[in-house]
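# Per-entry structural report
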Amino acid sequence: MSSNPPPSLARTGLRAGASFAASVAQGAALSLVLGGGVFFYYLSQLNGAGVPAARAGGAGAALALLVSPSALVALLLLGFVPLYLMLGVSRGRSMALKQVVASRGDAISHKLGDAIASRIEAMPRTHNALGRTVDGLSVDALTRQIAPVLGDGKAVRAIVGFVLNRLPMRELLAEWQAMRSEQPETALRGLVARRISETLMDLTTPSRQPLYIALGAHALLLGVGLWLVR
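Here we summarise the structure given alongside this text. (Residues numbered from 1 in each chain as written. Predicted model: local features only at pLDDT ≥ 70, side-chain atom pairs only at ≥ 80, totals over all residues. Heavy atoms only, no water.)

## Here's the deal with the environment of Gly36
Following the sequence through the fold, Gly36 ends up in helix H1 (residues 9–44). With 46 residues separating them along the chain, Gly36 and Pro82 place their C-alpha atoms 9.7 Å apart. If sequence neighbours within four positions are ignored, Gly36 has contacts with Ser31 and Val81. (Helix = DSSP H or I, 4+ residues; strand = E, 2+ residues; numbered from the N terminus. Contact = heavy atoms within 4.5 Å.)

## Observations concerning the nonpolar core
Counting 31 residues, the largest nonpolar core has Ile116, Ile159, Ile196 and Leu200 as its most contacted members. Taken together, the elements giving at least two residues each to this core come down to helix H5 (80–121), helix H7 (139–150), helix H8 (154–166), helix H9 (169–182) and helix H10 (188–200). Of all the elements, H5 adds the most residues to this core, at ten residues. For Ile116, the residues in contact, after removing those within four places along its chain, are Leu137, Leu142, Leu167, Met169, Val192 and Ile196. Residues Ala74, Leu221, Leu226 and Val229 belong to the second largest nonpolar core, which totals 15 residues. (Core = buried A, V, L, I, M, F, W, Y, C linked by side-chain atoms within 4.5 Å. Buried < 20%, exposed > 50% of the residue type's maximum accessible area, 1.4 Å probe, protein only.)

## Describing the packing of aromatic side chains
Evaluation of the coordinates by the stated rule reveals two aromatic pairs. Ring geometry for Phe39 versus Phe40: centroids 5.2 Å apart, planes at 70 degrees, classification edge-to-face. Taking relative accessible area as the criterion, Phe40 reaches 58% and is therefore assigned exposed. With 6.1 Å between their ring centres and 40 degrees between their planes, Phe80 and Tyr84 make a pair best called tilted. Here Phe80 pairs with Tyr84, and both are found in helix H5, just four residues apart, close to one helical turn. (Phe/Tyr/Trp six-rings, centres within 6.5 Å; stacked < 30°, edge-to-face > 60°.)

Here it is in structure tokens:
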């Protein structure tokens, strides 16, 4: 573990904002180049032999083209323009959270672990009471509790929400109670912090799988469209 102090909240916020903006810009570029480019390329092919009615001209030809499978493919291809932009925004959020975790991950693990553990330790040691404590944990309450140290920005709230959704609290409590039966001095705070740290590792490796799926579907749809109009 490095002895250097973590970056300030302001610097962490700037890095997170820059990562978000870069990913959104990449999504916008894909939206224009791939989404728009493929759409207009496909439109340029609609004069082929696959649309004989459209070549005759007139309102009937236009109507025939609008209700044709070729027009449906065109509309679906156009849908990839906003899709790539949404993928860029989604990845931007993941990259911003990655920056926050990289800079403040240890502090988040310990402070959030303390906040969760303090609520559990304040309840009677009965199964039903502990269960109600787990169910009663909320993003708002935990964010307010750690705000003096980590702030209460959107990134921190998103990380708290991610942890609450992914952290297997009931399994963690069962593990703690089993460990206490053998080692009464076992600290709940350390156990919760460790599991939070493991959970946050998922935020440091944003997946590109949605983009690869979109690219594959885009290419397949274009291939089907070209087959229809030729």
